[in-house]
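Analysis of the macromolecular model
Residues per chain, in single letters:
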2 protein chains.
Amino acid sequence: MDTLNNNAPIGVFDSGVGGLTVAREIIRQLPNESIVYFGDTARVPYGSKSKDTIIRFSRQIVNFLKTKNVKAIVFACNTASAFALDTIERELDIPVIGVVKPGAITAIHSTKNKRIGIIGTEGTIKSEMYTSYIQSIDKDIEVVGKACPLFVPLVEEGMLDDEVTKEMATRYLKELQNENIDSLILGCTHYPLLRKMVGKIMGPDVCLVNPAYETAIGLRDMLSETGLSADEGAVPSYEFYVSDDPLKFKQFANTIMPTDIGIVKEVNIENY
Amino acid sequence: MDTLNNNAPIGVFDSGVGGLTVAREIIRQLPNESIVYFGDTARVPYGSKSKDTIIRFSRQIVNFLKTKNVKAIVFACNTASAFALDTIERELDIPVIGVVKPGAITAIHSTKNKRIGIIGTEGTIKSEMYTSYIQSIDKDIEVVGKACPLFVPLVEEGMLDDEVTKEMATRYLKELQNENIDSLILGCTHYPLLRKMVGKIMGPDVCLVNPAYETAIGLRDMLSETGLSADEGAVPSYEFYVSDDPLKFKQFANTIMPTDIGIVKEVNIENY
């Protein structure tokens, strides 16, 4: 085990600010780990774009993160996890983890009636990544997906507790309410910010699964298994990079992160 | 005047599908002109991104359009017109036109009480491009801007005649209703698709200005002044390029264009 290597940072990326809900969980659960975060704010959102485009974007970001000598990479974006992780994992010599598998495994453990719901972007739902992964583990589980394309813009507008958001949530979730699911995966990194509203509509009998939380646990296990966990006394550092204006990102980040995130740097990601 | 040149196509670009409302007007009003359209669907939307990023994206697109030997370029996107047109015009040896100036001039002619409203994306409104252009022509005109960030996602979801869209329109336009404006510029290429709803809320005394229509007229004048109008007998051709999945673009385009748009080709725009 290379001691330099195990204190190297973890690369975390997302299409924009949503992946900060994953970074926040990593900071909480793995307080000795350093993080290099990249948010692709110049090309956000990913949810409605094609598989080939998401693979190209993810490959550029991974190339950038590698210049920061990361020891592992977290795809903190459901669309990138669904579309690009398998392809890019084969090209890399460091471990990677996405948000899909940890969330799926928790839902499998949580469901009693073998009926799981999943909400996400159009790309995530259409990919049926959650469904095929869950059914590869237990083929008797039924998975019901529902795309909620307006949730991301509504969250980005800060309309977390608004009548319009409630009306859209009621419409999107109506289908799922008739499906007798007992677990619901919040399959987009923005959605934990709507957790309370979704929980109220679905009622107390449906368990909400937040992949951000589960991903941090999965990351801890992966680092431990590969001998890459940071030393217990290690003092972590956090670096933030974006592809568009750093100021706007910083303002949003500071509303959801535990402390001020410091300097955010802009990167021309198309050069990687 | 070079006869080869004057029958060359016009390059038209937008962040995505919105600019098709401009292409549609050009086809209607200038039936002999050929068009090469580019929609930057891999990086849509532009409205919330920074000036530097929009200039970089626009420059790549203009470089691509030049490989198609276009004789003139239409910035069929309000954000790109506001942020990038002036910079890129200085770098080019062919005439360019955006949607801001033609829309502004029509509003100046339309207003009687010298109070004009403008709705658009965050980028367009914050740039104050409409305001400064209008006041450079008539400094006595008051311009009141209002960003409507959810209009683009609502239109892209096809929710043109929906209660949620009506509720958001009512909120966004409330401020403008108290401003005693008599003309309202639809300052985003998606907004003409909400024309009826906006018109009903603002009432019959407010004249709605559609820059797509005015841009086609401005283009006709520009081509005529520079001796670049296509020959009267010229048979036009239309080519469509996008940076993401062509199929999705084609489906949307065929719902708003007069005829089937034919083959749509994908371009890796980051290479230009």
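Residues numbered from 1 in each chain as written. Chains lettered and ligands numbered in written order. Predicted model: local features only at pLDDT ≥ 70, side-chain atom pairs only at ≥ 80, totals over all residues. Heavy atoms only, no water.

Some words on the sheet that holds strand S1 (residues 10-14) of chain B
Residues and elements named next belong to chain B. Rules: By definition, two strands form a pair when at least two bridges between them are found by DSSP. By the criteria applied, helices consist of DSSP H or I runs no shorter than four residues and strands consist of E runs no shorter than two, each listed in order from the N terminus. Interaxial angles span 0 to 180 degrees and are taken between N-to-C directions of axes, which are lines fitted to C-alpha atoms, for helices over the stretch in contact. Residues are treated as being in contact if the distance between any of their heavy atoms lies within 4.5 Å.
Judged by pairing direction, the sheet is parallel, and its six strands sit side by side in the order S4-S3-S1-S2-S9-S10 without closing on themselves. A strand with exactly one partner marks an edge of an open sheet, and here the two such strands are strand S4 (96-98) and strand S10 (264-266). Taking each pair of neighbouring strands and ignoring which way they run, the sheet shows an average axis angle of 20°. In the sheet, strand S3 (residues 72-75) pairs with S4 via three bridges, with the strands oriented parallel. Across the sheet, the residue bridging to isoleucine 73 is valine 96, located in S4. Packed onto the sheet, helix H13 (residues 246-256) meets strand S2 (35-39), strand S9 (238-242) and S10 and runs at close to 150° relative to S10.

What about the interface of chain A and chain B?
One frequent convention defines the size of an interface as the accessible area lost when the parts assemble. To keep it simple, the criterion reads: The buried area of a pairing is the accessible area, by a 1.4 Å probe, that goes missing from both parts when the two are put together, added over both. The term salt bridge refers to a side-chain nitrogen of Lys or Arg lying within 4 Å of a carboxyl oxygen of Asp or Glu. For the purposes of these results, a polar contact is taken to be a pair of N or O atoms within 3.5 Å, where, inside protein, one atom must be able to donate a hydrogen and its partner to accept one; residues adjacent in sequence count only when each atom of the pair is a side-chain atom. Amino acids are sorted into nonpolar (Ala, Val, Leu, Ile, Met, Phe, Trp, Tyr, Cys and Pro), charged (Asp, Glu, Lys and Arg) and polar (every other residue, Gly among them).
At the interface, 32 residues of chain A touch 32 residues of chain B. Counting each side, the surface lost to burial between chain A and chain B is near 2400 Å², with a carbon and sulfur contribution of 48%. When the buried surface of chain A facing chain B is broken down by residue, A:Arg56, A:Leu150 and A:Glu270 rank first, second and third, together holding 21% of it. The partner of A:Lys248 in a salt bridge is B:Glu122, with the nearest N and O atoms 3.6 Å apart. Connecting chain A to chain B are 16 residue pairs in polar contact (both at pLDDT 80 or more). Here the side of chain A that touches chain B takes five residues from helix H10 (residues 163-177) of chain A, the largest share from any one element. Split into classes, the residues belonging to the side of chain A that touches chain B amount to eleven nonpolar, seven polar and 14 charged.

Some details on the packing of aromatic side chains
Residues and elements named next belong to chain A. Here is the rule we go by: Put simply, two rings from Phe, Tyr or Trp (the six-membered ring, in Trp's case) pair if the centres are within 6.5 Å, and we call them stacked under 30 degrees between planes, edge-to-face over 60, tilted for the rest. The classification of residues rests on relative accessible area computed with a 1.4 Å probe and restricted to protein chains. Under 20% of the type maximum is buried, over 50% is exposed, and intermediate values are partly exposed. The rule for a charge over a ring is simple: NZ of Lys or CZ of Arg within 6 Å of the ring centre, and within 35 degrees of the ring normal.
Enumeration according to the criterion identifies 20 aromatic pairs over all chains in this entry. Aromatic pair phenylalanine 38 and phenylalanine 64: ring centres 5.6 Å apart, planes at 55°, arrangement tilted. Of the two residues, phenylalanine 38 sits in strand S2 (residues 35-39) while phenylalanine 64 sits in helix H3 (residues 51-66), which places them 26 residues apart along the sequence. Overall, the relative accessible area of 0% leaves phenylalanine 38 in the buried class. Taking the relative accessible area as the measure of exposure, phenylalanine 64 reaches 2% and is therefore buried. Feature note: the residues Phe38, Phe64, Tyr241 and Tyr272 constitute an aromatic cluster, connected by ring pairs. Sitting over the ring of phenylalanine 57, arginine 43 keeps its end group 3.7 Å from the ring centre.

A closer look at the layout of surface pockets
All names here are of chain A. Basically, it comes down to this: Cavities and pockets were defined on a 1 Å grid built over protein atoms only: a cavity is a set of grid points that admits a 1.4 Å probe from which the probe cannot escape, a pocket is an open set flanked by protein on both sides within 12 Å along at least five of seven lines, and lining residues are those with an atom within 4 Å of any such point. Grid points are joined across faces, edges and corners, and a volume is the space filled by probe spheres set on the points.
Of the volumes computed, that of the second largest pocket is approximately 340 Å³. Taken together, 19 residues make up the lining of the second largest pocket; nearest its centre are Ile97, Gly98, Lys101, Pro102 and Ile105. Counting residues per element, the ones that place at least two in the lining of the second largest pocket are helix H5 (85-91), strand S4 (96-98), helix H6 (100-110) and helix H12 (211-225). The biggest single contributor to the lining of the second largest pocket is H6, with six residues. The residue makeup of the lining of the second largest pocket, split by class, is nine nonpolar, five polar and five charged.

So, the pattern of salt bridges
If you walk through the whole model with that rule in mind, you get 30 salt bridges over all chains. A salt bridge links B:Glu122 to B:Lys126, with the nearest nitrogen and oxygen atoms 3.2 Å apart. In this pair, B:Glu122 and B:Lys126 are both assigned in helix H7 (residues 122-127), four residues apart and thus about one turn of the helix distant. Overall, B:Glu122 belongs to the partly exposed group, its relative accessible area being 25%. Exposure remark for B:Lys126: the relative accessible area of 64% places this residue in the exposed category. Notably, a salt bridge pairs B:Asp221 with B:Arg220, separated by 3.6 Å at the nearest N-O pair. Looking at B:Asp221, the relative accessible area reads 35%, which means it is partly exposed. Classification of B:Arg220 as partly exposed rests on a relative accessible area of 39%. Several salt bridges converge on common partners, so that one network encompasses A:Asp40, A:Arg43 and B:Glu270.

Describing the sheet that holds strand S8 (residues 207-209) of chain A
Residue and element names in this part refer to chain A. Strand order in the open sheet made by the four strands is S6-S5-S7-S8, with parallel pairing throughout. This sheet does not close on itself; its edge strands, each paired only once, are strand S6 (142-147) and S8. On average, each strand axis in the sheet is tilted by 25° relative to the strand beside it, whichever way the strands run. Relative to S8, strand S7 (residues 183-186) runs parallel, the two being bridged by three bridges. Within S8, the residue paired with isoleucine 185 across the bridge is valine 209. Relative to S6, helix H8 (residues 129-137) is tilted by about 170°, and along the sheet it contacts strand S5 (115-120), S6 and S7.

A look at the relation of the copies chain A and chain B
What counts here: For this overlay, a least-squares fit was computed on C-alpha atoms, restricted to residues scoring pLDDT of at least 70 in both copies.
In screw terms, the move from chain A to chain B is a rotation of 180° and a rise of 0.0 Å along the axis, fitting with an RMSD of 0.0 Å. Both chain copies can therefore be described as sitting about a two-fold axis. When C-alpha positions in chain A are compared against the rotation axis, the closest is assigned to A:Arg43, at 2.2 Å.

Some thoughts on H3(A)
Under the convention used in this document: Here the expected span of a helix is defined as 1.5 Å times the quantity of residues minus one.
Counted at 1.5 Å a residue, the expected span for H3(A) with its 16 residues is 22 Å, and the 22 Å between its end C-alpha atoms agrees. Every buried residue belonging to H3(A) is among A:Thr53, A:Ile54, A:Ile55, A:Arg56, A:Phe57, A:Ser58, A:Gln60, A:Ile61, A:Val62, A:Phe64 and A:Leu65, and all of these are buried.

Here's the deal with the environment of A:Cys207
Here A:Cys207 lies in strand S8. For the pair A:Cys207 and A:Ile181, spaced 26 residues apart in sequence, the C-alpha to C-alpha distance is 9.1 Å.

Here's the deal with the side chain of B:Arg43
Structurally, B:Arg43 is set in the loop between S2 and helix H3 (51-66). Of note is the side chain of B:Arg43, whose polar atom sits 2.8 Å from the side chain of B:Asp40. Here B:Arg43 is in contact with A:Ala42, A:Arg43, A:Lys49, A:Phe57, A:Glu270, B:Lys49, B:Phe57, B:Gln60, B:Ser243, B:Ile269 and B:Glu270, once residues within four sequence places are set aside.

A look at the pairing of S3(B)
A regular strand carries its side chains on alternate faces of the sheet. Residues and elements named next belong to chain B. Neither face of S3 is left uncovered, since the one carrying Ala72 and Val74 and the one carrying Ile73 and Phe75 both have all their residues buried. Taken together, the four bridges between S1 and S3 define a ladder with parallel strand orientation. By the bridge assignment, glycine 11 is partnered in S3 with isoleucine 73.

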